[in-house]
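Structural overview
As a plain string of letters, each chain reads:
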Amino acid sequence: MTIGTLTKGTVVADDVSRHGMWSSRLLFVLAATGSAVGLGNIWKFPYITGENGGGAFVLVYLLCIAAIGIPVMMAEVMIGRAGRQSPINTLRTLVRDSNANRSWTIIGWMGVAAGFLILSYYAVIAGWAVSYTFRLGSGVFDGATGAHTSQIFDGFLGSPGSLLFWHTVFMAATIFIVARGVARGLEVAVRYLMPILLILLLGLVGYAAIYGDFARGFEFLFSFDFSKLSWGGTLTAMGHAFFTLSLGMGAIMAYGAYVPSKASISTTVFTIGALDTAVALAAGLAIFPIVFAVAGLEPGDGPGLMFVTLPIAFGNLPLGAALGCVFFLLVSFAAITSAISLTEPVLTYLVERYDAKRWIVAVVVGLFCWLLGIGTVLSFNEWSGATLFGLTFFEVVDYLSYKIMLPLGGLLIALFAGWVLAKRIVVEQLGFGEGTKWQLWNAAICVIAPAGILIVFAYSLYETFAS
Ligand code: PHE
């Protein structure tokens, strides 16, 4: 037994994975949504939108989700299901079946590396959310103003000991769940807790609409002024489309390996993409109206944005302390269901490679990620002055993973699925026949996605070096 209510699969037959299978299509949608919806939606989307000027950035992000993210996600599920093993071994098998060059397995290896890098800092930020669960519960934010919440957040960031403590708590919880086999945990988290999170988020949008400057917040998110968006910002939007959908590093490929053969890939993928986008936009609509209504807060305030704005709402609402505590608890759960999926590609590979026990592999992987995460902890205090090309350790890890490795992984996945993978496998997996739907997907994966990714890469490189 490994993930969710995966039923144990002992033989590696064509239609069963040795790591288990999702018991239904719904379970796959829940697990993949659990992977997709996380800090990327609630923490990262608002702050990078703020840093990149708002509407135009949001528009490019939405375009990237629709034209690149959705087709690539279909490709990942398809590849995973066709191979039914860890991403690395799945690629090996498919390369053999399609008589292709073995170098394509690099997709799997790069994904493992990206997963490591992302999890190392993801656990640190998720630790902030866990700590805020307790802080809100304690009532320190009652009646809070912007100055008050900023001061508390800055004090927190300035203390490496506290950050390390919460980083450890989150990483330990993740590894514990991963090691035990997620059993029913993942299913409960996604089936019940995610809807509550969405309802609370909508409630916060309501608060922002009444007490915040909703008109300005809305306008910031949805009226586009392209003069505010650079090519670097476009690359951020594209990288974020991959990050938020958990694409480009094999997480969805690994989950795809457990999808029942009969489930429709396109319907499930559209559902996941729509839910993920809805959560991100709701988070934006909850946060920006508060930013514009409160003196001293700016949209471009950076990674702390969610932690300085939302406590103001909770501090001034009836029952706010309790609501805020529940909200940050749910954000922590959303983060854990994403963190679990970050470990799946490397975990399944090591289990296959060494025939190792899942829990031993989980502990070893967790320890390495935890160690790497200490660099991120220190980036906000002791090492804040130590920079490489002007970026702190956290910023370097973040940049490498989501602006370079995920889009590059996505590019290779698109090229592999579109140009290399035997057509019979593709047609059989997608189940579209060869009609209009297939042609649309084929155009997106063979041309639109690769061209889009290359253009954004090329122009942002040009911009960086020309300036
Ligand atoms: N999609 C997750 C989020 O938005 C992060 C993630 C990225 C998870 C890549 C898995 C793989 O928080």
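Refer to the preceding data block for the structure.
Notes on the structure in this doc start here.

Cut-off values and rules
Residues numbered from 1 in each chain as written. Predicted model: local features only at pLDDT ≥ 70, side-chain atom pairs only at ≥ 80, totals over all residues. Heavy atoms only, no water. Salt bridge = Lys/Arg side-chain N within 4 Å of Asp/Glu carboxyl O. Helix = DSSP H or I, 4+ residues; strand = E, 2+ residues; numbered from the N terminus. Buried < 20%, exposed > 50% of the residue type's maximum accessible area, 1.4 Å probe, protein only. Near = heavy atom within 4 Å. Polar contact = N/O pair within 3.5 Å; in protein donor to acceptor, adjacent residues only side chain to side chain. Areas by Shrake-Rupley, 256 points an atom, 1.4 Å probe, with all protein chains shown as cover. Nonpolar A, V, L, I, M, F, W, Y, C, P; charged D, E, K, R; others polar. Expected span 1.5 Å × (residues − 1). Phe/Tyr/Trp six-rings, centres within 6.5 Å; stacked < 30°, edge-to-face > 60°. Lys NZ or Arg CZ within 6 Å of the ring centre and 35° of its normal. Axes fitted to C-alpha atoms, helices over the stretch in contact; angles between N-to-C directions. Parallel < 35°, antiparallel > 145°, perpendicular 65-115°, else oblique. Left-handed = near helix turned anticlockwise from the far one by under 90°. Contact = heavy atoms within 4.5 Å. Core = buried A, V, L, I, M, F, W, Y, C linked by side-chain atoms within 4.5 Å.

Examining the pattern of salt bridges
Counted according to the given criterion, the structure contains 4 salt bridges. Between Asp-355 and Arg-18 there is a salt bridge, with its nearest N and O atoms 3.0 Å apart. You can see Asp-355 sitting in the loop between α14 (320-354) and α15 (358-379) and its partner Arg-18 sitting in the segment before α1 (25-36), a full 337 residues away along the chain. Of the residues examined, Asp-355 reaches a relative accessible area of 59% and is grouped as exposed. The exposure class of Arg-18 is partly exposed, given its relative accessible area of 32%. Salt-bridge contacts for Glu-344 lead to Arg-358; the nearest nitrogen and oxygen are separated by 3.1 Å. In this pair, Glu-344 sits in helix α14 while Arg-358 sits in helix α15, placing the two residues 14 residues apart along the sequence. By relative accessible area, which is 0% here, Glu-344 ends up buried.

What about the site of the ligand?
For the ligand, the set of nearby residues contains 14 residues, the closest of which are Ala-36, Gly-40, Tyr-122, Phe-243 and Ser-246. Within the side chain of Asn-41, a nitrogen or oxygen atom sits 3.3 Å from an oxygen atom of the ligand. Residue Phe-243 places a main-chain N or O atom 2.8 Å away from a nitrogen atom belonging to the ligand. Burial of the ligand by the protein chains amounts to 100% of its free accessible area of 330 Å². Elements with a minimum of two residues in the shell around the ligand: α1, α2 (39-51), α10 (231-244) and α14. Its residues placed into classes, the shell around the ligand shows 6 nonpolar, 8 polar and no charged.

Comments concerning helix α12 (residues 265-293)
When the terminal C-alpha atoms of α12 are compared, their 43 Å separation across 29 residues agrees well with the 42 Å that a helix rising 1.5 Å per residue should span. The element α12 is largely enclosed, with a buried count of 22 among its 29 residues.

Looking at the packing of aromatic side chains
Considering all chains together, one arrives at 33 aromatic pairs under this definition. Considering the side-chain rings of Trp-109 and Tyr-349, the 5.1 Å spacing of their centres and the 75° angle between planes classify their relative orientation as edge-to-face. Of this pair, Trp-109 sits in helix α5 (residues 106-138) while Tyr-349 sits in helix α14, and the two are 240 residues apart along the sequence. The class for Tyr-349 is buried, based on a relative accessible area of 8%. Geometry around Tyr-402 places Lys-44 over its ring, the cationic atom sitting 3.7 Å from the centre.

With respect to the packing of helix α3 (residues 55-83) against α10
Two elements in contact, α3 and α10, have axes separated by 8 Å at closest approach and are oriented at 45°. The pairing of α3 with α10 is recorded here as oblique in orientation. In this structure, α3 meets α10 at a crossing whose hand is right-handed. In this structure, α3 contributes Phe-57, Val-60, Tyr-61, Cys-64, Ile-65, Ile-68 and Val-72 to the contact, and α10 contributes Gly-233, Thr-234, Thr-236, Ala-237, Met-238, His-240, Ala-241, Phe-242 and Thr-244. The residue makeup of the contact of α3 with α10, split by class, is 11 nonpolar, 5 polar and no charged.

As for the nonpolar core
Within the largest apolar cluster, 169 residues are counted, with the highest numbers of intra-cluster contacts made by Trp-43, Trp-128, Phe-327, Phe-416 and Trp-441. With 18 residues, the single largest contributor to this core is α5. Setting aside residues up to four positions removed in sequence, Phe-327 forms contacts with Ile-42, Leu-197, Leu-200, Leu-201, Leu-204, Leu-310 and Phe-314.

A word on the side chain of Ser-379
With respect to the helices, strands and loops of the structure, Ser-379 is situated in helix α15. The exposure class assigned to Ser-379 is buried, which follows from its relative accessible area of 4%. Discounting residues that sit within four places of it in the chain, Ser-379 has contacts with Ser-384, Thr-392, Phe-393 and Phe-394.

Taken by themselves, the reported measurements are silent on function.
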